[in-house]
Amino acid sequence: MKTLLPYVSTPEDLRALPAELLPGLAGEIRAFLIDKVSARGGHLGSNLGIVELTIALHRVFDSPADVIVFDTGHQAYVHKILTGRRDAFDALRCRGGLSGYPSRQESAHDHMDSSHASTALSYADGMAKARHLAGDGARAVVAVVGDGALTGGVAWEALNNLGAAGHRPVIVVLNDNGRSYAPTHGGCADHLGRMRASPGVAVFENLGLRYLGPVDGHDIPALERAMRAARELRAPVVIHCVTRKGRGYEPAERDLDEHLHAIPVTDPATGRPLTPSPKTWTHAFAEHLCALGERRPDLVAITAAMPGPTGLAAFGRRFPERMFDVGIAEQQALASAAGMAMSGLHPVVAIYATFLNRAFDQVLMDIALHRLPVTLVLDRAGITGPDGPSHHGMWDLAALALVPGMRVAAPRDVVRLCELLEEAVEHDGPTALRFPKSPASVEIPPAGSVGDVDVLSSSGQDVLLVAIGPMAEPCLSAGAMLSAAGVGLTVVDPRWVIPVSRDLRRVVAGGRLVVTVEDGLAASGAGALVRQACGPGQRVVNLGLPCEFIGQGSRSELLAEAGLTGQGIAYAIRKELDRWPL
Ligand SMILES: Cc1ncc(C[n+]2csc(CCOP(=O)(O)OP(=O)(O)O)c2C)c(N)n1
Ligand SMILES: CC(=O)[C@@H](O)[C@H](O)COP(=O)(O)O
Ligand SMILES: [Mg+2]
C-alpha cells in the first residue's frame, strides 16, 4: 500500500488528496504519532483523538490566512504534521527542537505559544474584533477548545462576548472527549453529555451563538460538512465534535485513568514506560496527605482537573467526599478554598506552580486578605523542562513574596516535604509548599540547626550559602569544592523561605558574604527578601533564574545553563571572592 504521509507536508497537499484516501492518511498519522511520541515522550492520547478533526480543519479552512487557534496547545501535533513540521518530530520537546505546543517562532500557522488552558476563545474574540475593525471579515477565525478547557472561567468570559457579537463570526470547534486527564466534572460536562445523547437547545444558543452538532469527531466528511456550514453561517457558532481520547491505539484506549494523556519514553508495543518511573516528590506528598487525612477530618483536597498528576487521586480514593475536582479552574479552586476555610475546613489545593499565576488575585484578596488557613501545594515548581516557557514553575516565589501573611516552605528533600506539610496544615493562616518535577532527592539530614533553620554543612564563616529547597544538593556540592580550596563556608536551609524568619535573620547577620540559591527568580524571589534582611556591611549575591521566558529542554540542561549546579554555584562564589576579597 503506497504511503501518503511523506507526500502531505502542507494544507495544500492535504486538500489535493481525494477524500477516499483520507482514512488511510489518518491511520498513517496515528502510527506516526505513536512512533514519535513513544520515542520522545509527550502528549499522545489527546493527539490520537484529534486526527480526523485536524484533517477536516485544514481541508476546510485556509490556514494561515484563516486563523486556527488551539486551546492549551498540547493537542496540536497533527496540526504541526500537516503544516510542514513532520520531519521535526525526532526533536520533539528537546532543547532547540520542536515545541510540544504551538510556537509562533516555528510557523505562521501557529498563533499562541502559551500552554495555559481556556484562553483560545479570548484570542479568537480579539482577532475577530481586529479583523472587523480592519474591514477584513472575509477570513475565518477558528478556536479549537477541549471540553476540559471549556471548564475554565475565561472561556465563558469569551463566550459571553462572542455571543453578543453576531457581526463578528468566530467558529468554536469544541473537541468533546469527555475528559481532561480524568473525566470532566460539573454542570457544563453534564450538559454536553446530554447534548451528545439527545441534542436539544445548547447552552451556547442561549448566549447568542449558533450550535451545530453533535458531530462524530472521527467522521471526516461529516466534520467537513459542519465546518463548511459554520463558515457559511457568518455568525458566532459552536461545532460540537465528539471524539475519543487515545483513539486507535489499544494501550491508550485501555488506560481508563488518563488515556495516555502525557507519556514518558515508552515501548510503543505495550504503551508502558521503557524505564519504571522513579519515586517522585509527588508520590511522597500523596502518601503523606493521606496519612494526614486520617488524623485531620477538617482537611479537604482540591485539584484543577489534575487528580493524577498532582497526587490527589490517592486522597480521593481514600476520602472521596473530601476531594474536589473543580475542572481546569484554578481561580475557582482557590476562591472555593477560601469559602471552605471560612467554614472551618483546612483546604489543601494541589496545583502546578505555573498555573498558580492565573489565581494570584485569589491568593492575595480571597485567601491572604482574610488570613485563611489554606495550604497551596505547588508541584512542578522551578524549571520543569520539556514543556517549555509557559510550564516552568518559576514565578511563584516572587509572586508569593508580595502576599502579606503568606508563609512559603521549600523542602530540600521528601523528608522535609512531609515535615513541612505537617507544619503548614497546623498553621492558622495561608501557607504554600513548592517542590520540583524531578525524582525525589536523596535525604539530606541536617548537621545542626539554629531554631527552624537547618545547618547542612560548615567549614567556616567566610561565606554563608542559603540553599532554597532542592538547591541544597548543588549548594553542598559547591561548598565541598570551595572548602577544599580553603574557603570557609556554611550551607543552611531555611525550610520556610518566605518571609525571612527571625532565626534566618540571626543566621544571615553573621555572614560577610551571603549567597542565596533558588530555582526561582534571582532578582525577586526568596533571595531578594534575604538581601533586604542583610545590613549595609554585608555583601549579598542572589543566584537563580533570569526573569526571562526560558525555552524547553531537560531540567538538568536548563539548570546547568542557569548556573544552578555545584560547579556553577562554586564558580559564581569564586568569582565574587576574586573580585572582592573578604
Ligand atoms: C490553566 C491550566 N491548568 C491546567 C493545565 C494542565 N492541562 C493540560 S492539558 C489538560 C487537560 C485538557 O483537557 P481538554 O481541554 O479536554 O483537552 P484534551 O486533552 O481532552 O484534548 C490540563 C488540565 C493547563 N494546561 N492549563
Ligand atoms: C499540557 C499540560 O499542561 C500538562 O499535561 C503538562 O504536559 C504537564 O506534564 P507533567 O505532568 O508531565 O509535568
Ligand atoms: Mg477533553
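Small disclaimer: the values here were computed from a predicted structure and weren't measured.

### What about the layout of surface pockets?
Thinking step 1. Size it by volume and the second largest pocket reaches roughly 500 Å³.
Thinking step 2. Taken together, 22 residues make up the lining of the second largest pocket; nearest its centre are Asp113, Gly388, Pro389, Ser390 and Gly551.
Thinking step 3. In the lining of the second largest pocket, the residues fall into six nonpolar, 13 polar and three charged.

### Considerations on the domain arrangement of the protein chain
Thinking step 1. We note that the domain assignment places domain 1 (5-267), domain 2 (281-434) and domain 3 (449-579) within the protein chain.
Thinking step 2. With centres defined by C-alpha atoms, the gap from domain 2 to domain 3 works out at 26 Å.
Thinking step 3. Each side of the interface is counted separately: domain 2 has 31 residues, and domain 3 has 33 residues.
Thinking step 4. Roughly 2500 Å² is buried in total at the junction of domain 2 and domain 3, and carbon and sulfur atoms are behind 64% of that figure.
Thinking step 5. At the junction of domain 2 with domain 3, the criterion picks out four salt bridges.
Thinking step 6. Here Arg495 makes a salt bridge to Glu423, at a shortest N to O gap of 2.6 Å.
Thinking step 7. At the junction of domain 2 with domain 3, the criterion picks out 15 residue pairs in polar contact (both at pLDDT 80 or more).
Thinking step 8. Of all the secondary structure elements, the ones that give two or more residues to the side of domain 2 that touches domain 3 are helix 18 (396-400), strand 14 (407-409), helix 19 (414-426) and strand 15 (431-434).
Thinking step 9. In the side of domain 2 that touches domain 3, the residues fall into 19 nonpolar, six polar and six charged.

### Considering the site of ligand 1
Thinking step 1. Taken together, 22 residues surround ligand 1, and among them Ser46, His74, Ser115, Gly148 and Glu330 come closest.
Thinking step 2. A distance of 2.7 Å separates an oxygen atom of ligand 1 from a polar backbone atom of Gly148.
Thinking step 3. Within the contact set of ligand 1, an oxygen atom lies 2.9 Å away from a backbone nitrogen or oxygen of Arg179.
Thinking step 4. Within the complex, 98% of the 580 Å² of free accessible area of ligand 1 lies under protein.

### Let's talk about the UniProt feature "domain: Transketolase-like pyrimidine-binding" (unreviewed entry) in the protein chain
Thinking step 1. The UniProt feature table records "domain: Transketolase-like pyrimidine-binding" (unreviewed entry) at residues 279-442.
Thinking step 2. Secondary structure over residues 279-442 splits into 43% helix and 16% strand, and the C-alpha atoms at its two ends are 11 Å apart.

### Regarding the coordination of the magnesium ion (ligand 3)
Thinking step 1. Surrounding the magnesium ion (ligand 3) are the protein donor atoms Asp147 (OD), Asn177 (OD1) and Arg179 (O), at 2.1 to 2.2 Å.
Thinking step 2. Mapped onto the sequence, the residues coordinating the magnesium ion (ligand 3) show the spacing D-x29-N-x1-R. Separated by 32 residues along the polypeptide, Asp147 in the loop between strand 3 (141-146) and helix 7 (153-162) and Arg179 in the loop between strand 4 (170-176) and helix 8 (187-197) bring together distant segments of the chain. Here Asp147 matches Arg179 in class, with each residue buried.

### Description of the pairing of strand 3
Thinking step 1. Burial runs high along strand 3: six of the six residues are buried.
Thinking step 2. Note: strand 2 (residues 67-70) against strand 3, four bridges, orientation parallel. Its bridge partner lying in strand 3, Ile68 is registered against Val142.
Thinking step 3. In terms of strand pairing, strand 3 meets strand 4 through six bridges, oriented parallel. Paired with Ala143 across the bridge in strand 4 is Val172.
Thinking step 4. Each parallel crossover has a hand, and for strand 3 linked through helix 7 to strand 4 it is right-handed.

### Looking at the packing of aromatic side chains
Thinking step 1. Throughout the structure, instances matching the rule amount to nine aromatic pairs.
Thinking step 2. Here Phe32 and Phe89 contribute two aromatic rings whose centre-to-centre distance is 5.4 Å and whose plane-to-plane angle is 75°, an arrangement assigned as edge-to-face. Note that Phe32 is positioned in helix 2 (residues 22-40) and Phe89 in the loop between helix 5 (77-85) and helix 6 (120-133), a separation of 57 residues in sequence. A single burial state applies to Phe32 and to Phe89, both of which are buried.
Thinking step 3. These aromatic residues form a ring-pair network of at least three members: Phe32, Tyr77 and Phe89.
Thinking step 4. Its guanidinium or amino end placed over the ring of Phe319, Arg322 lies 4.3 Å from that ring's centre, counting from NZ or CZ.

### Brief notes about the site of ligand 2
Thinking step 1. In the vicinity of ligand 2, the contacting residues are His43, His74, Tyr101, Tyr181, His261, Tyr352, Phe355, Arg380, Asp387, His391 and Lys437.
Thinking step 2. A distance of 3.1 Å separates an oxygen atom of ligand 2 from a polar atom in the side chain of His261.
Thinking step 3. Its free accessible area being 360 Å², ligand 2 has 88% of it covered by the protein chains.
Thinking step 4. For the shell around ligand 2, the per-class residue count stands at four nonpolar, four polar and three charged.
Thinking step 5. Residue assignment places the shell around ligand 2 across two domains, with domain 1 (5-267) and domain 2 (281-434) each supplying three or more.

### Section: empty space enclosed by the protein
It is the rolling of a water-molecule-sized probe over the atoms that shows where space remains empty.
Thinking step 1. Counted by the stated rule, this structure contains three cavities of 30 Å³ or more.
Thinking step 2. There is about 70 Å³ of room inside the largest cavity.
Thinking step 3. Gly137, Ala138, Arg139, Ala140, Pro169, Ile171, Ala230, Arg231, Arg234 and Ala235 together form the lining of the largest cavity.
Thinking step 4. Grouping the constituent residues of the lining of the largest cavity by class yields six nonpolar, one polar and three charged.
Thinking step 5. Considering only enclosed or pocket space, the second largest cavity measures out at about 50 Å³ in volume.
Thinking step 6. Lining the second largest cavity we find Ser180, Tyr181, Ala182, Pro183, Thr184, His185, Ala305, Asp325 and Gly327.

### Topic: the packing of helix 4 (residues 51-60) against helix 10 (residues 220-233)
Thinking step 1. Taken N-terminus to C-terminus, the directions of helix 4 and helix 10 make an angle of 45°; their axes are 9 Å apart at the nearest point. Here helix 10 runs oblique to helix 4, going by the angle between their axes. As helix 4 runs across helix 10, the sense of the crossing is right-handed. Contact residues: helix 4 offers Glu52, Leu53, Ile55, Ala56, Leu57, Arg59 and Val60, while helix 10 offers Ile220, Leu223, Glu224, Met227, Arg228 and Arg231.
Thinking step 2. Tallied by class, residues from the contact of helix 4 with helix 10 come to eight nonpolar, no polar and five charged.

### Points about the confidence of the model for the protein chain
Thinking step 1. In this model, the protein chain carries a mean pLDDT of 97, and residues with pLDDT of at least 70 account for 100%.
Thinking step 2. Overall fold confidence (pTM) sits at 0.97, and the ipTM for the predicted complex is 0.99.

### A look at the UniProt feature "binding site: Mg(2+)" (unreviewed entry) in the protein chain
Thinking step 1. Here, the residues flagged by UniProt with the feature "binding site: Mg(2+)" (unreviewed entry) are Asp147 and Asn177. Of the residues just listed, which span 31 residues, no C-alpha pair is farther apart than 6.8 Å, and they cluster in one region.
Thinking step 2. Excluding anything up to four places from it in sequence, Asp147 contacts Leu174, Asn175, Asp176, Asn177, Gly178, Arg179, Thr184 and Leu192.
Thinking step 3. Relative to the helices and strands, Asn177 is located in the loop between strand 4 and helix 8.
Thinking step 4. Relative accessible area serves as the criterion here: at 17%, Asn177 is assigned to the buried category.
Thinking step 5. With sequence-adjacent residues up to four places away left out, Asn177 is seen in contact with Asp147, Thr243, Arg244 and Lys245.

Reading guide: rules and limits
- Residues numbered from 1 in each chain as written.
- Chains lettered and ligands numbered in written order.
- Predicted model: local features only at pLDDT ≥ 70, side-chain atom pairs only at ≥ 80, totals over all residues.
- Heavy atoms only, no water.
- 1 Å grid on protein atoms, 1.4 Å probe; cavity = no way out; pocket = protein on both sides within 12 Å on 5 of 7 lines; lining within 4 Å.
- Points joined across faces, edges and corners; volume = space filled by probe spheres on them.
- Nonpolar A, V, L, I, M, F, W, Y, C, P; charged D, E, K, R; others polar.
- Domains from an automatic or database assignment.
- Contact = heavy atoms within 4.5 Å.
- Buried area = accessible area lost by both parts, 1.4 Å probe.
- Salt bridge = Lys/Arg side-chain N within 4 Å of Asp/Glu carboxyl O.
- Polar contact = N/O pair within 3.5 Å; in protein donor to acceptor, adjacent residues only side chain to side chain.
- Helix = DSSP H or I, 4+ residues; strand = E, 2+ residues; numbered from the N terminus.
- Near = heavy atom within 4 Å.
- Areas by Shrake-Rupley, 256 points an atom, 1.4 Å probe, with all protein chains shown as cover.
- UniProt positions renumbered as here; feature names shortened; annotations may be inferred.
- Donors = N, O, S within 2.8 Å, 3.2 Å for Na, K, Ca; no water.
- Buried < 20%, exposed > 50% of the residue type's maximum accessible area, 1.4 Å probe, protein only.
- Pairing = 2+ DSSP bridges.
- Right-handed = clockwise from strand over helix to strand, strands pointing away.
- Phe/Tyr/Trp six-rings, centres within 6.5 Å; stacked < 30°, edge-to-face > 60°.
- Lys NZ or Arg CZ within 6 Å of the ring centre and 35° of its normal.
- Axes fitted to C-alpha atoms, helices over the stretch in contact; angles between N-to-C directions.
- Parallel < 35°, antiparallel > 145°, perpendicular 65-115°, else oblique.
- Left-handed = near helix turned anticlockwise from the far one by under 90°.
- pLDDT = per-residue confidence, 0-100.

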